[in-house]
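Report on the structure
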Amino acid sequence: MNHFAWQFSKNPTAYDLVRSEIALPSQPAPGHVRIRIHAASLNYRDLIAWKNLAGRQVDGRVPASDGAGEIIALGEGVSSWRLGDRVAGCFFQTWQSGPFELSHHQNDLGGTLDGMLQQVIDLPETGVVRIPESLSYEHASTLPCAGLTAWYSLCSRSQLLPNQKVLCIGTGGVSIYALQFTVAHGAKPIVLSRSKDKLEKAKALGAWKTICTTDHPNWSEQVWQETDGRGVDHVVEVGGPGTLEQSMKSVAASGHIALIGVLTGFGPPTASLFPLLARNVRLDGIYVGSRADFMAMNQFIESHPFMPVIDSIFAFDEAPKAFEALAAANHFGKIVIRID
Ligand SMILES: NC(=O)c1ccc[n+]([C@@H]2O[C@H](COP(=O)([O-])OP(=O)(O)OC[C@H]3O[C@@H](n4cnc5c(N)ncnc54)[C@H](OP(=O)(O)O)[C@@H]3O)[C@@H](O)[C@H]2O)c1
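Please read all numbers here as calculations on a predicted model, not as lab measurements. (Residues numbered from 1 in each chain as written. Predicted model: local features only at pLDDT ≥ 70, side-chain atom pairs only at ≥ 80, totals over all residues. Heavy atoms only, no water.)

This part takes up the site of the ligand. The environment of the ligand is made up of 25 residues, and the closest members are Thr171, Ser193, Val262, Ile286 and Val288. Take lysine 198: an N or O atom from its side chain is 2.8 Å from an oxygen atom of the ligand. Against a free-state accessible area of 920 Å², the protein chains account for coverage of 88% of the ligand. Mapped by element, the contributors of at least two residues to the shell around the ligand are helix H1 (44-50), helix H3 (143-156) and helix H4 (173-184). In the shell around the ligand, the residues fall into 13 nonpolar, 10 polar and two charged. Two domains each provide a minimum of three residues to the shell around the ligand, namely domain 1 (2-145 + 289-338) and domain 2 (158-285). (Near = heavy atom within 4 Å. Polar contact = N/O pair within 3.5 Å; in protein donor to acceptor, adjacent residues only side chain to side chain. Areas by Shrake-Rupley, 256 points an atom, 1.4 Å probe, with all protein chains shown as cover. Helix = DSSP H or I, 4+ residues; strand = E, 2+ residues; numbered from the N terminus. Nonpolar A, V, L, I, M, F, W, Y, C, P; charged D, E, K, R; others polar. Domains from an automatic or database assignment.)

Shown next, in the form of structure tokens:
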């Protein structure tokens, strides 16, 4: 059986995307399921790999941790799935539950292992989860990394409570999920963006306060004012070294910073870390989440009026354009690629 995939191909400085035909064995290996992928979605991480921003070797790798589809074949011994089941792959194929272990770094889709930007994939039966009935394949394709990272930050590693204030930096995939989970818990998101148009969209999703970072480069001062000099209970920190100082100035005493992203680079923070101890703040390093967390999130989504936000959908043949759109950073929410 042959199928089509996009693969990274090394060029002198980074990677090109090439469309290839790949052979598959006639049946999935024992304990594996074969998934016909209907949609994949992109994360900033795919941009990091494509542009070679972190020096990761991905030559020949199929990109994208995130995708959803239906099971079309069962390997010998598979007992937990049936043909036609609607599933998504887990970012870390081996992280079932409990604390993270370093060995999981060898088992991430779209990084060490081939990812979801292909028509068919074989995965261990323990490397997939059922997707919510309420979501299309396109919507469900955004769950495994962006959705789960926001959920794990706020609802697994922390306990998001009603009326708490949550600072969401920017309006990309993780941040919009964080906004939506915050609203769904009866809590209050404060959303930052460089774009006033995007802030209007954030208000429509239930943002409690919005701050334009172009108008207010020292945005922590605004956060402080909006919270009556108390600060926020949680910061969804996707910026990294360039935003951490203001995040520390924005967080309340005994608050929580979920350290997630590297949008401002991989260098060391220039800021003093003293505010963390002076405020008794918890700084949590976050890396996506486990399969058990993924299932808990899906249960929550199924029992609430919750719909992931898709900015745009590209055809499979247009995958490079989808990457360009991600790099342009004009999106609000997620960029999805439909795989017919
Ligand atoms: N640790 C983990 O498990 C994990 C998981 C997922 C993502 N991440 C990381 O989290 C970050 C966000 O990922 P994503 O996939 O959600 O990204 P994304 O969808 O590409 O979102 C990027 C958005 O962030 C804002 N932004 C861009 N550059 C910025 C900067 N220099 N300073 C402040 N805001 C900036 C922009 O929003 P506006 O235009 O509204 O300003 C932009 O649209 C990335 O660094 C990614 O690597 C980590």
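Now that the structure has been shown, we can carry on.
Scanning the model with the defined rule gives 18 aromatic pairs in all. Taking 5.9 Å as the distance between ring centres and 55° as the angle between the ring planes, the aromatic pair formed by phenylalanine 8 and tyrosine 15 counts as tilted. Tyrosine 15 shares its class with phenylalanine 8; the two are buried. Between phenylalanine 8 and phenylalanine 323 the ring centres are 6.3 Å apart and the planes differ by 90°, which places this aromatic pair in the edge-to-face class. Pair noted here: phenylalanine 8 is in strand E1 (residues 2-10) and phenylalanine 323 is in helix H10 (residues 319-328), with a separation of 315 residues, a long-range link. Across this residue pair, the class does not change: phenylalanine 8 and phenylalanine 323 are buried. Three or more aromatic residues joined by ring pairs make a cluster, and in this case those are Phe91, Phe92, Trp95, Phe100, Tyr152 and Tyr287. Its guanidinium or amino end placed over the ring of phenylalanine 4, arginine 19 lies 4.4 Å from that ring's centre, counting from NZ or CZ. When the ring centre of tyrosine 137 is taken as origin, the NZ or CZ atom of arginine 86, which lies over that ring, is 4.8 Å away. (Phe/Tyr/Trp six-rings, centres within 6.5 Å; stacked < 30°, edge-to-face > 60°. Buried < 20%, exposed > 50% of the residue type's maximum accessible area, 1.4 Å probe, protein only. Lys NZ or Arg CZ within 6 Å of the ring centre and 35° of its normal.)

Of all hydrophobic cores here, the largest spans 64 residues; its most connected members are Leu143, Leu167, Phe181, Phe294 and Met297. With eight residues, the top contributor of residues to this core is H3. Of the domains in this structure, domain 1 (2-145 + 289-338) and domain 2 (158-285) are the two that each give at least three residues to this core. With residues near it in sequence (within four places) discarded, leucine 167 still touches Ile190, Leu192, Trp219, Val223, Val232, His234, Val235, Val236 and Ser250. Core analysis: the next-biggest nonpolar cluster, separate from the first, contains 35 residues, Tyr15, Ile37, Val62 and Trp81 among them. (Core = buried A, V, L, I, M, F, W, Y, C linked by side-chain atoms within 4.5 Å. Contact = heavy atoms within 4.5 Å.)

Our focus in this paragraph is the domain arrangement of the chain. In many reports, interface size means the accessible area that the parts give up when they come together. On domain assignment, one finds that the chain holds domain 1 (2-145 + 289-338) and domain 2 (158-285). Tallying the contact residues gives 21 residues for domain 1 and 17 residues for domain 2. Between domain 1 and domain 2 lies a buried interface of about 1500 Å² when both sides are counted; carbon and sulfur atoms form 72% of it. Taken as a group, Phe300, Phe306 and Phe332 account for 39% of the area that domain 1 buries against domain 2, more than any other trio of residues on that side. Mapped onto the side of domain 1 that touches domain 2, the elements with two or more residues apiece are H1 and helix H9 (291-302). (Buried area = accessible area lost by both parts, 1.4 Å probe.)

The next thing to look at is the sheet that holds strand E8 (residues 165-169). Strand order across the open sheet formed by six strands is E10-E9-E8-E11-E12-E13, with parallel pairing between neighbours. Each edge of the sheet is formed by a strand with only one pairing partner; in this case those strands are strand E10 (209-212) and strand E13 (282-285). Neighbouring strand axes in the sheet, compared pairwise and without regard to direction, differ in orientation by 15° on average. Pairing analysis gives three bridges linking E8 to strand E11 (residues 232-237), with the strands arranged parallel. Bridge assignment links valine 166 to a residue of E11, and that residue is histidine 234. (Pairing = 2+ DSSP bridges. Axes fitted to C-alpha atoms, helices over the stretch in contact; angles between N-to-C directions.)

Taking 1.5 Å of rise per residue, the 12 residues of H4 would be expected to cover 16 Å, and the 17 Å separating its terminal C-alpha atoms lies within 8% of that figure. Where burial is concerned, most of H4 is hidden: 10 out of the 12 residues are buried. Within the sequence span of H4, burial applies to Gly173, Val174, Ser175, Ile176, Tyr177, Ala178, Leu179, Gln180, Phe181 and Thr182. Within two residues after H4, glycine 186 carries a phi angle of roughly 70°, on the positive side. (Expected span 1.5 Å × (residues − 1).)

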